[in-house]
Amino acid sequence: MIALTFTSLETPRLILRRFRASDLASFMAYRNDCEVARYQSWESISRAEAVRFIAQQSGHRPGIPGKWFQFAAEVKAGGALAGDCALLVIRTTPRIGELGYTFARAYQHSGLATEAARAVVDFAFDSLGLDRVLATTDCRNAPSVALMERLGMRREGHFIHSAWFKGEWCDEYQYAMLRKEWPRKRFS
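All values reported here derive from a predicted model rather than from experimental measurement.

Asker: Before we go on, may I ask you to explain the nonpolar core in this structure?
Answerer: Most often, soluble globular proteins keep nonpolar side chains buried together rather than apart. Of all hydrophobic cores here, the largest spans 39 residues; its most connected members are Leu16, Phe71, Leu99, Phe103 and Met153. A per-element tally of this core places helix H4 (residues 112-126) first, with ten residues. The next biggest cluster of nonpolar side chains, apart from the first, holds 15 residues, and it includes Leu24, Ala37, Phe53 and Ile54.

Asker: How do you make sense of unusual backbone geometry when you look at a structure like this?
Answerer: Peptide bonds are, in most cases, trans, and in most cases residues other than glycine have a negative phi. Phi at histidine 109 is positive, roughly 60°, even though this residue is not glycine. Inspection of the secondary structure puts histidine 109 in the loop between strand E5 (96-103) and H4. Residue classification places histidine 109 among the exposed residues on the basis of a relative accessible area of 73%. Here the phi dihedral of histidine 161 falls at roughly 45°; this positive angle occurs in a residue that is not glycine. Position of histidine 161 relative to the elements: it lies in strand E7 (residues 154-165).

Asker: Explanation requested: the packing of helix H1 (residues 24-31) against helix H3 (residues 47-59) in the structure shown.
Answerer: Between two packed helices, both the angle of their axes relative to each other and the distance between the axes serve to describe the pair. The N-to-C vectors of H1 and H3 enclose an angle of 120°; their axes lie 10 Å apart at closest approach. One element, H1, and the other, H3, form an angle in the oblique class. Classified by chirality, the crossing of H3 by H1 is right-handed. Contact residues: H1 offers Leu24, Phe27, Met28 and Arg31, while H3 offers Arg47, Ala50, Val51, Phe53 and Ile54. Looking at side-chain class alone, the contact of H1 with H3 contains seven nonpolar, no polar and two charged residues.

Asker: Which parts of the structure should I look at to understand H3?
Answerer: At 3.6 residues per turn, the α-helix brings residues three or four places apart onto the same side. Here H3 contains 13 residues, and its C-alpha end-to-end distance of 19 Å stays within 8% of the 18 Å for a straight helix at 1.5 Å per residue. Every buried residue of H3 is accounted for by Ala50, Phe53, Ile54 and Gln57. Buried residues in H3, looked at end-on, bunch into an arc of 95°, giving them a common side.

Asker: Which parts of the structure should I look at to understand H1?
Answerer: Every buried residue belonging to H1 is among Leu24, Phe27, Met28, Tyr30 and Arg31, and all of these are buried. Residues of H1 that are buried make contact with helix H2 (34-37), H3, strand E3 (68-75), strand E4 (81-89) and E5.

Asker: Looking at this structure, I do not really get the sheet that holds E7. What am I missing?
Answerer: Pairing between the strands of a sheet comes from backbone hydrogen bonds, and it takes one of two forms, parallel or antiparallel. As summarised here, the arrangement of the eight strands in space is E1-E2-E3-E4-E5-E6-E8-E7, forming an open sheet in which the pairing is mixed. For this open sheet the edge positions go to strand E1 (8-10) and E7, each flanked by a neighbour on one side alone. The sheet shows a mean angle of 25° between the axes of neighbouring strands, direction not considered. Two elements, E7 and strand E8 (residues 168-178), share eight bridges in a ladder whose sense is antiparallel. Bridge pairing in E8 places phenylalanine 159 opposite glutamate 172. Set on the sheet, H1 makes contact with E3, E4 and E5; between it and E4 the angle comes to about 80°. On the sheet, helix H5 (residues 142-150) packs against E5, strand E6 (132-138), E7 and E8 and is oriented at approximately 160° with respect to E6.

Asker: Which parts of the structure should I look at to understand the side chain of threonine 11?
Answerer: Along the chain, the position of threonine 11 falls in the loop between E1 and strand E2 (14-17). Given a relative accessible area of 3%, threonine 11 falls into the buried group. At a separation of 2.4 Å, a polar atom in the side chain of threonine 11 contacts the side chain of glutamate 115.

Asker: Whenever I open this one, the environment of leucine 151 confuses me. Can you help?
Answerer: Along the chain, leucine 151 falls in the loop between H5 and E7. Taking the C-alpha atoms as reference points, leucine 151 and leucine 130, separated by 21 residues in sequence, lie 16 Å from one another. Setting aside its immediate chain neighbours within four residues, leucine 151 contacts Leu99, Thr114, Ala117, Arg118, Met177, Trp182 and Pro183.

Procedures and definitions
Throughout this description, residue numbers start from 1 for each chain and increase along the sequence as written. For this predicted model, a pLDDT threshold of at least 70 governs which residues receive local features, and a threshold of 80 or more governs which side-chain atom pairs are given and counted, while totals over whole chains, interfaces and linings are taken from all residues. The side-chain numbers reported here are obtained from all heavy atoms of the structure, hydrogens and water having been left aside. Definition of nonpolar core: a set of buried residues of the types Ala, Val, Leu, Ile, Met, Phe, Trp, Tyr and Cys, connected through side-chain atoms within 4.5 Å. Note on classification: 1.4 Å probe, protein chains only; a residue is buried when its accessible area is under 20% of the maximum for its type, exposed when over 50%, partly exposed between these limits. What counts as a helix is a DSSP run of H or I of at least four residues, what counts as a strand is a run of E of at least two, and both are numbered from the N terminus. Here the axes come from fitting lines to C-alpha atoms, over the contacting stretch only for helices, and the angles between their N-to-C directions go from 0 to 180 degrees. Here the word oblique covers every angle except those under 35 degrees (roughly parallel), over 145 (roughly antiparallel) and from 65 to 115 (roughly perpendicular). Should the near helix be turned anticlockwise from the far one by less than a right angle, the crossing is termed left-handed; should it be turned clockwise, right-handed. Whether two residues are in contact is decided by their heavy atoms, any of which lying within 4.5 Å being enough. Under the convention adopted here, Pro, Cys and the residues Ala, Val, Leu, Ile, Met, Phe, Trp and Tyr are nonpolar, Asp, Glu, Lys and Arg are charged, and Gly plus all remaining residues are polar. What a helix is expected to span follows from its residue count: subtract one and scale by 1.5 Å. Our arc is simply the arc of the directions from the helix axis toward the C-beta atoms. When DSSP finds at least two bridges between two strands, those strands are taken to pair. For this analysis, a polar contact is any N or O atom pair within 3.5 Å, provided that within protein one partner can donate a hydrogen and the other can accept it, and provided that sequence-adjacent residues contribute only side-chain to side-chain pairs.

Shown next as structure tokens:
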């Protein structure tokens, strides 16, 4: 069920691939943008942390239970790193995956994150054989909520004060989709 090899995924405007050393500057730029980090679990990233992250990710493959795999989202026109889309196969329930995404501010509100997330969900169901993909977001993160709804995910939970996050309690929505519900929208 686990994809033993992974090269890349393509969408009309993106190549989703492994991170590489040449992504360092762009990766650090969006990971150190306080607006991008607002609803993420991290605040910023040092150069040493970013180098280590890229090295670790370049050696992983998607689908290993308990390990996040970050797909670097490269814009086909020009080759810029726009952000990343992540997939975690749950260690205790390996037929379930969790989706995440982070895009540089310059590439937000352009549909690229939706395009990347759709490709990763497709990969999770078709290549990894997962039965369920979920995603969780801070209720105040309207663009993330809208992305999950554009994917056709179902809101399954509204958790009140579910996490102590950046000095305050936050409420979270959890969305999910089953493989049998996935609309299989193909890229044209």
